[in-house]
Amino acid sequence: MTKFRQSLIFNSNRKMIMGEIWVTMGGTNNAARLELKSVHGASGLGVMQLRFQFEASCRHDASAQRPMWLEGKVHAVGLGTSSGYLGRLAVESSPVTLHGLAATATFVLVADLDHRQVQIIEEHRTGGVKFNLEVTGTAMTDGNLERIGVGTIECEVNQSNWVAILEQMQYRRLLLIELDAPDSGRSTEFAAALDYYRDAEQQYIKQEWRLTVEALRQTLAALVGKKAEDEDGAADVAAAAKALRKESREVDTGYPPRAEQVRLALKFMCDLGAHPEAAETTKADAYSALLMVGGLLHGWQPAKPRIAAQPSAEENEPLRATAARV
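The following refers to the structure shown.

Conventions adopted
Residues numbered from 1 in each chain as written. Predicted model: local features only at pLDDT ≥ 70, side-chain atom pairs only at ≥ 80, totals over all residues. Heavy atoms only, no water. Salt bridge = Lys/Arg side-chain N within 4 Å of Asp/Glu carboxyl O. Helix = DSSP H or I, 4+ residues; strand = E, 2+ residues; numbered from the N terminus. Buried < 20%, exposed > 50% of the residue type's maximum accessible area, 1.4 Å probe, protein only. Pairing = 2+ DSSP bridges.

Here we take up the pattern of salt bridges. Applying the stated criterion to the full structure yields twelve salt bridges. The salt bridge involving Glu-20 is made with Arg-33; its shortest N-O contact spans 3.4 Å. Pair noted here: Glu-20 is in strand β3 (residues 20-25) and Arg-33 is in strand β4 (residues 28-43), with a separation of 13 residues, a long-range link. Of the residues examined, Arg-33 reaches a relative accessible area of 16% and is grouped as buried.

Further remarks concern the environment of Asn-30. When you line up the elements, Asn-30 lands in strand β4. Residue classification places Asn-30 among the partly exposed positions, given a relative accessible area of 30%. Distance from Asn-30 to Ser-63, taken between C-alpha atoms, is 9.2 Å for residues 33 residues apart in sequence.

Examined bridge by bridge, strand β6 (residues 68-77) and strand β7 (residues 85-91) share five bridges and lie antiparallel to one another. Note that in β7 the partner of Gly-72 across the bridge is Leu-89. Of the strand pairs in this sheet, β7 and strand β8 (residues 104-113) are connected by two bridges, and their pairing is antiparallel. Each bridged residue has a counterpart across the sheet, and for Val-91 the counterpart in β8 is Leu-109.

Take a look at the structure:
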(Lines give C-alpha, C1' and ligand atoms only; values in the text may rest on other atoms or scores of the structure.)
Protein backbone atom coordinates (compact mmCIF):
# COMPACT_ATOMS: atom_id res chain seq x y z
CA MET A 1 0.00 0.00 0.00
CA THR A 2 0.96 3.64 -0.31
CA LYS A 3 1.79 5.93 2.52
CA PHE A 4 0.40 9.36 1.72
CA ARG A 5 1.79 12.59 3.06
CA GLN A 6 0.44 15.86 1.78
CA SER A 7 3.00 18.64 1.61
CA LEU A 8 1.98 22.14 0.58
CA ILE A 9 4.73 23.92 -1.32
CA PHE A 10 4.68 27.71 -1.69
CA ASN A 11 6.89 29.40 -4.22
CA SER A 12 8.18 32.93 -3.66
CA ASN A 13 5.33 34.48 -5.66
CA ARG A 14 2.68 32.23 -4.12
CA LYS A 15 1.58 31.33 -7.62
CA MET A 16 0.62 27.73 -6.93
CA ILE A 17 0.18 25.32 -4.09
CA MET A 18 1.32 21.84 -4.97
CA GLY A 19 1.45 18.47 -3.25
CA GLU A 20 3.27 15.17 -3.17
CA ILE A 21 2.65 11.48 -2.55
CA TRP A 22 5.09 9.11 -0.92
CA VAL A 23 4.75 5.60 -2.29
CA THR A 24 5.30 2.36 -0.38
CA MET A 25 6.54 -0.61 -2.41
CA GLY A 26 7.14 -4.13 -1.21
CA GLY A 27 6.80 -3.14 2.41
CA THR A 28 9.27 -0.25 2.09
CA ASN A 29 7.91 3.12 3.18
CA ASN A 30 8.82 6.25 1.20
CA ALA A 31 10.26 4.17 -1.63
CA ALA A 32 9.34 6.79 -4.22
CA ARG A 33 7.94 10.28 -4.28
CA LEU A 34 5.43 11.67 -6.78
CA GLU A 35 5.57 15.45 -6.76
CA LEU A 36 3.15 17.65 -8.68
CA LYS A 37 5.27 20.28 -10.45
CA SER A 38 2.95 22.30 -12.71
CA VAL A 39 -0.45 22.55 -14.36
CA HIS A 40 -1.04 23.44 -18.00
CA GLY A 41 -3.87 23.46 -20.50
CA ALA A 42 -4.20 22.15 -24.04
CA SER A 43 -6.87 21.95 -26.71
CA GLY A 44 -8.06 19.03 -28.77
CA LEU A 45 -10.82 18.24 -31.24
CA GLY A 46 -13.93 19.26 -29.30
CA VAL A 47 -12.22 18.85 -25.92
CA MET A 48 -9.99 20.81 -23.60
CA GLN A 49 -7.31 19.26 -21.43
CA LEU A 50 -5.94 19.89 -17.97
CA ARG A 51 -2.39 18.56 -17.85
CA PHE A 52 -0.81 17.87 -14.45
CA GLN A 53 2.95 17.37 -14.71
CA PHE A 54 4.59 15.22 -12.03
CA GLU A 55 8.12 14.29 -11.18
CA ALA A 56 8.71 10.81 -9.78
CA SER A 57 11.90 10.27 -7.82
CA CYS A 58 13.46 7.04 -6.53
CA ARG A 59 14.14 7.35 -2.79
CA HIS A 60 14.89 3.68 -2.08
CA ASP A 61 16.17 0.70 -4.04
CA ALA A 62 12.77 -0.89 -3.52
CA SER A 63 11.31 1.42 -6.22
CA ALA A 64 14.15 1.04 -8.71
CA GLN A 65 13.46 -0.81 -11.95
CA ARG A 66 9.80 -1.31 -11.00
CA PRO A 67 7.47 0.07 -13.67
CA MET A 68 4.48 2.03 -12.39
CA TRP A 69 1.13 2.42 -14.19
CA LEU A 70 -0.59 5.54 -12.82
CA GLU A 71 -4.11 6.96 -13.11
CA GLY A 72 -6.68 8.75 -10.99
CA LYS A 73 -9.50 11.28 -11.00
CA VAL A 74 -9.75 15.02 -10.48
CA HIS A 75 -12.27 17.24 -8.69
CA ALA A 76 -12.67 21.02 -8.71
CA VAL A 77 -13.25 22.45 -5.23
CA GLY A 78 -15.75 25.15 -4.29
CA LEU A 79 -18.42 24.79 -6.99
CA GLY A 80 -21.47 25.10 -4.76
CA THR A 81 -23.54 21.95 -4.24
CA SER A 82 -21.81 20.08 -7.06
CA SER A 83 -19.37 17.32 -6.14
CA GLY A 84 -16.89 19.01 -8.46
CA TYR A 85 -16.00 15.77 -10.23
CA LEU A 86 -14.37 16.60 -13.58
CA GLY A 87 -13.21 13.27 -14.93
CA ARG A 88 -10.61 10.55 -15.00
CA LEU A 89 -6.87 11.17 -15.03
CA ALA A 90 -4.92 9.15 -17.57
CA VAL A 91 -1.15 9.00 -17.83
CA GLU A 92 0.14 10.29 -21.16
CA SER A 93 2.95 7.75 -21.46
CA SER A 94 3.13 4.53 -19.46
CA PRO A 95 4.73 2.93 -17.58
CA VAL A 96 6.85 5.25 -15.43
CA THR A 97 10.14 3.59 -14.55
CA LEU A 98 12.84 4.79 -12.13
CA HIS A 99 16.08 3.16 -13.19
CA GLY A 100 18.10 3.60 -10.00
CA LEU A 101 18.46 5.32 -6.64
CA ALA A 102 17.96 9.11 -6.92
CA ALA A 103 16.75 8.72 -10.49
CA THR A 104 13.86 10.89 -11.61
CA ALA A 105 11.26 10.69 -14.35
CA THR A 106 8.56 13.10 -15.41
CA PHE A 107 5.06 12.14 -16.49
CA VAL A 108 1.78 13.89 -17.20
CA LEU A 109 -1.70 13.01 -15.97
CA VAL A 110 -4.34 14.35 -18.35
CA ALA A 111 -8.04 15.11 -17.79
CA ASP A 112 -10.30 15.77 -20.78
CA LEU A 113 -12.93 18.47 -20.21
CA ASP A 114 -15.73 19.81 -22.35
CA HIS A 115 -16.62 23.48 -22.76
CA ARG A 116 -19.58 23.29 -20.38
CA GLN A 117 -17.41 22.01 -17.52
CA VAL A 118 -15.01 24.93 -17.91
CA GLN A 119 -17.98 27.30 -18.16
CA ILE A 120 -19.31 26.03 -14.80
CA ILE A 121 -15.92 26.62 -13.19
CA GLU A 122 -15.93 30.15 -14.60
CA GLU A 123 -19.42 30.81 -13.25
CA HIS A 124 -18.47 29.80 -9.71
CA ARG A 125 -14.87 30.81 -9.15
CA THR A 126 -14.08 34.05 -7.33
CA GLY A 127 -10.35 34.09 -8.04
CA GLY A 128 -8.12 31.11 -8.62
CA VAL A 129 -9.15 27.45 -8.86
CA LYS A 130 -8.44 24.59 -6.48
CA PHE A 131 -8.26 20.95 -7.59
CA ASN A 132 -8.11 17.68 -5.69
CA LEU A 133 -6.32 14.86 -7.49
CA GLU A 134 -6.80 11.27 -6.35
CA VAL A 135 -3.83 9.38 -7.78
CA THR A 136 -3.86 5.61 -7.90
CA GLY A 137 -1.97 2.97 -9.83
CA THR A 138 -0.07 -0.28 -9.84
CA ALA A 139 3.60 -1.28 -9.86
CA MET A 140 5.40 -4.44 -10.84
CA THR A 141 6.91 -6.09 -7.76
CA ASP A 142 8.62 -9.50 -8.10
CA GLY A 143 6.55 -10.28 -11.16
CA ASN A 144 3.27 -9.29 -9.51
CA LEU A 145 1.19 -6.12 -9.80
CA GLU A 146 0.86 -4.22 -6.52
CA ARG A 147 -1.69 -1.46 -5.95
CA ILE A 148 0.00 1.90 -5.19
CA GLY A 149 -0.71 5.59 -4.98
CA VAL A 150 -3.92 5.76 -2.93
CA GLY A 151 -3.94 9.39 -1.83
CA THR A 152 -5.05 12.90 -2.65
CA ILE A 153 -3.04 15.89 -3.79
CA GLU A 154 -4.41 19.40 -3.46
CA CYS A 155 -3.41 21.88 -6.13
CA GLU A 156 -4.36 25.55 -6.06
CA VAL A 157 -3.89 27.65 -9.21
CA ASN A 158 -4.07 31.41 -8.78
CA GLN A 159 -6.09 33.65 -11.06
CA SER A 160 -3.30 34.80 -13.41
CA ASN A 161 -2.11 31.22 -13.98
CA TRP A 162 -5.68 30.04 -14.51
CA VAL A 163 -6.19 32.72 -17.16
CA ALA A 164 -3.07 31.40 -18.93
CA ILE A 165 -4.44 27.84 -18.74
CA LEU A 166 -7.74 28.99 -20.27
CA GLU A 167 -5.80 30.48 -23.18
CA GLN A 168 -3.82 27.26 -23.61
CA MET A 169 -7.13 25.36 -23.76
CA GLN A 170 -8.32 27.95 -26.33
CA TYR A 171 -11.36 28.64 -24.17
CA ARG A 172 -11.46 32.23 -25.46
CA ARG A 173 -11.80 31.03 -29.10
CA LEU A 174 -15.52 30.50 -28.44
CA LEU A 175 -17.42 33.75 -28.03
CA LEU A 176 -20.03 32.30 -25.72
CA ILE A 177 -21.54 28.97 -24.76
CA GLU A 178 -22.95 28.06 -28.16
CA LEU A 179 -21.48 30.65 -30.55
CA ASP A 180 -18.44 29.95 -32.70
CA ALA A 181 -16.18 32.94 -33.24
CA PRO A 182 -17.24 34.68 -36.49
CA ASP A 183 -14.88 35.29 -39.39
CA SER A 184 -12.81 38.42 -38.77
CA GLY A 185 -12.23 38.86 -42.50
CA ARG A 186 -15.63 40.40 -43.19
CA SER A 187 -14.27 43.94 -43.05
CA THR A 188 -11.61 46.07 -41.38
CA GLU A 189 -14.21 47.46 -38.99
CA PHE A 190 -15.46 44.00 -38.06
CA ALA A 191 -11.90 42.74 -37.44
CA ALA A 192 -11.24 45.66 -35.08
CA ALA A 193 -14.54 45.06 -33.29
CA LEU A 194 -13.73 41.37 -32.84
CA ASP A 195 -10.34 42.24 -31.33
CA TYR A 196 -12.05 44.50 -28.78
CA TYR A 197 -14.56 41.75 -28.03
CA ARG A 198 -11.78 39.25 -27.37
CA ASP A 199 -10.24 41.77 -25.00
CA ALA A 200 -13.63 42.00 -23.24
CA GLU A 201 -13.62 38.21 -22.85
CA GLN A 202 -10.17 38.34 -21.30
CA GLN A 203 -11.20 41.09 -18.90
CA TYR A 204 -14.25 39.05 -17.93
CA ILE A 205 -12.09 35.99 -17.23
CA LYS A 206 -9.91 38.22 -15.03
CA GLN A 207 -13.09 39.37 -13.24
CA GLU A 208 -12.53 42.99 -14.27
CA TRP A 209 -16.20 43.87 -14.74
CA ARG A 210 -15.79 47.55 -15.64
CA LEU A 211 -12.96 46.86 -18.07
CA THR A 212 -15.17 44.21 -19.66
CA VAL A 213 -17.94 46.73 -20.25
CA GLU A 214 -15.50 49.37 -21.51
CA ALA A 215 -14.04 46.91 -24.03
CA LEU A 216 -17.58 46.14 -25.21
CA ARG A 217 -18.20 49.86 -25.71
CA GLN A 218 -15.08 49.94 -27.89
CA THR A 219 -16.40 46.88 -29.76
CA LEU A 220 -19.71 48.54 -30.59
CA ALA A 221 -18.03 51.74 -31.77
CA ALA A 222 -15.43 49.93 -33.90
CA LEU A 223 -18.18 47.92 -35.57
CA VAL A 224 -19.21 51.01 -37.55
CA GLY A 225 -15.78 52.63 -37.77
CA LYS A 226 -16.30 55.08 -34.93
CA LYS A 227 -14.41 55.90 -31.75
CA ALA A 228 -15.76 54.96 -28.36
CA GLU A 229 -15.93 58.61 -27.24
CA ASP A 230 -18.41 59.35 -30.05
CA GLU A 231 -21.23 58.90 -27.58
CA ASP A 232 -24.91 58.71 -28.37
CA GLY A 233 -27.20 60.17 -25.74
CA ALA A 234 -30.56 58.80 -24.70
CA ALA A 235 -32.30 61.33 -26.97
CA ASP A 236 -30.19 60.23 -29.96
CA VAL A 237 -31.02 56.57 -29.38
CA ALA A 238 -34.72 57.32 -29.00
CA ALA A 239 -34.77 59.53 -32.11
CA ALA A 240 -33.04 56.87 -34.21
CA ALA A 241 -35.53 54.23 -33.09
CA LYS A 242 -38.47 56.56 -33.82
CA ALA A 243 -37.13 57.32 -37.30
CA LEU A 244 -36.72 53.64 -38.11
CA ARG A 245 -40.20 52.83 -36.86
CA LYS A 246 -41.61 55.52 -39.13
CA GLU A 247 -39.56 54.28 -42.06
CA SER A 248 -40.70 50.67 -41.55
CA ARG A 249 -44.25 51.74 -42.25
CA GLU A 250 -43.21 52.80 -45.75
CA VAL A 251 -40.55 50.27 -46.80
CA ASP A 252 -39.25 46.83 -45.81
CA THR A 253 -36.29 47.65 -43.53
CA GLY A 254 -35.09 44.09 -42.81
CA TYR A 255 -32.77 42.99 -40.00
CA PRO A 256 -29.57 45.07 -40.50
CA PRO A 257 -31.16 48.48 -39.76
CA ARG A 258 -32.88 47.04 -36.70
CA ALA A 259 -29.57 45.50 -35.56
CA GLU A 260 -28.06 49.00 -35.83
CA GLN A 261 -30.66 50.21 -33.31
CA VAL A 262 -29.61 47.39 -30.99
CA ARG A 263 -25.97 48.46 -31.42
CA LEU A 264 -26.85 52.04 -30.49
CA ALA A 265 -28.81 50.93 -27.43
CA LEU A 266 -26.05 48.56 -26.28
CA LYS A 267 -23.39 51.23 -26.67
CA PHE A 268 -25.53 53.56 -24.58
CA MET A 269 -25.85 50.77 -22.00
CA CYS A 270 -22.06 50.31 -21.89
CA ASP A 271 -21.36 53.99 -21.22
CA LEU A 272 -19.48 53.87 -17.90
CA GLY A 273 -19.93 57.62 -17.51
CA ALA A 274 -23.49 56.86 -16.43
CA HIS A 275 -22.15 54.44 -13.80
CA PRO A 276 -19.26 56.31 -12.16
CA GLU A 277 -18.87 54.08 -9.11
CA ALA A 278 -16.93 50.86 -9.57
CA ALA A 279 -19.46 48.92 -7.50
CA GLU A 280 -22.22 49.91 -9.92
CA THR A 281 -20.84 47.53 -12.56
CA THR A 282 -21.31 43.96 -11.33
CA LYS A 283 -20.51 40.53 -12.73
CA ALA A 284 -24.14 40.21 -13.86
CA ASP A 285 -23.90 43.53 -15.75
CA ALA A 286 -20.70 42.47 -17.49
CA TYR A 287 -22.00 38.99 -18.30
CA SER A 288 -25.31 40.16 -19.74
CA ALA A 289 -23.55 42.81 -21.86
CA LEU A 290 -21.06 40.18 -23.08
CA LEU A 291 -23.93 37.90 -24.10
CA MET A 292 -25.84 40.59 -25.94
CA VAL A 293 -22.86 42.04 -27.79
CA GLY A 294 -21.68 38.54 -28.71
CA GLY A 295 -25.07 37.75 -30.18
CA LEU A 296 -25.04 40.99 -32.14
CA LEU A 297 -21.59 40.23 -33.56
CA HIS A 298 -22.58 36.73 -34.54
CA GLY A 299 -25.22 37.89 -37.03
CA TRP A 300 -23.93 41.39 -37.82
CA GLN A 301 -24.41 42.79 -41.31
CA PRO A 302 -23.72 46.47 -42.01
CA ALA A 303 -26.91 48.40 -42.65
CA LYS A 304 -27.18 49.69 -46.22
CA PRO A 305 -27.98 53.39 -46.83
CA ARG A 306 -31.72 53.70 -46.47
CA ILE A 307 -34.27 55.78 -48.33
CA ALA A 308 -35.75 58.26 -45.94
CA ALA A 309 -39.42 57.62 -45.13
CA GLN A 310 -41.85 59.97 -46.81
CA PRO A 311 -43.80 62.29 -44.46
CA SER A 312 -47.32 61.13 -43.75
CA ALA A 313 -50.39 63.10 -44.89
CA GLU A 314 -50.85 64.50 -41.39
CA GLU A 315 -47.23 65.65 -41.28
CA ASN A 316 -47.54 67.25 -44.75
CA GLU A 317 -50.63 69.30 -43.82
CA PRO A 318 -48.78 72.02 -41.82
CA LEU A 319 -46.27 72.32 -44.68
CA ARG A 320 -49.04 72.83 -47.21
CA ALA A 321 -50.68 75.47 -45.04
CA THR A 322 -47.41 77.33 -44.67
CA ALA A 323 -46.82 77.22 -48.44
CA ALA A 324 -50.35 78.55 -49.14
CA ARG A 325 -49.80 81.53 -46.84
CA VAL A 326 -46.54 82.33 -48.58
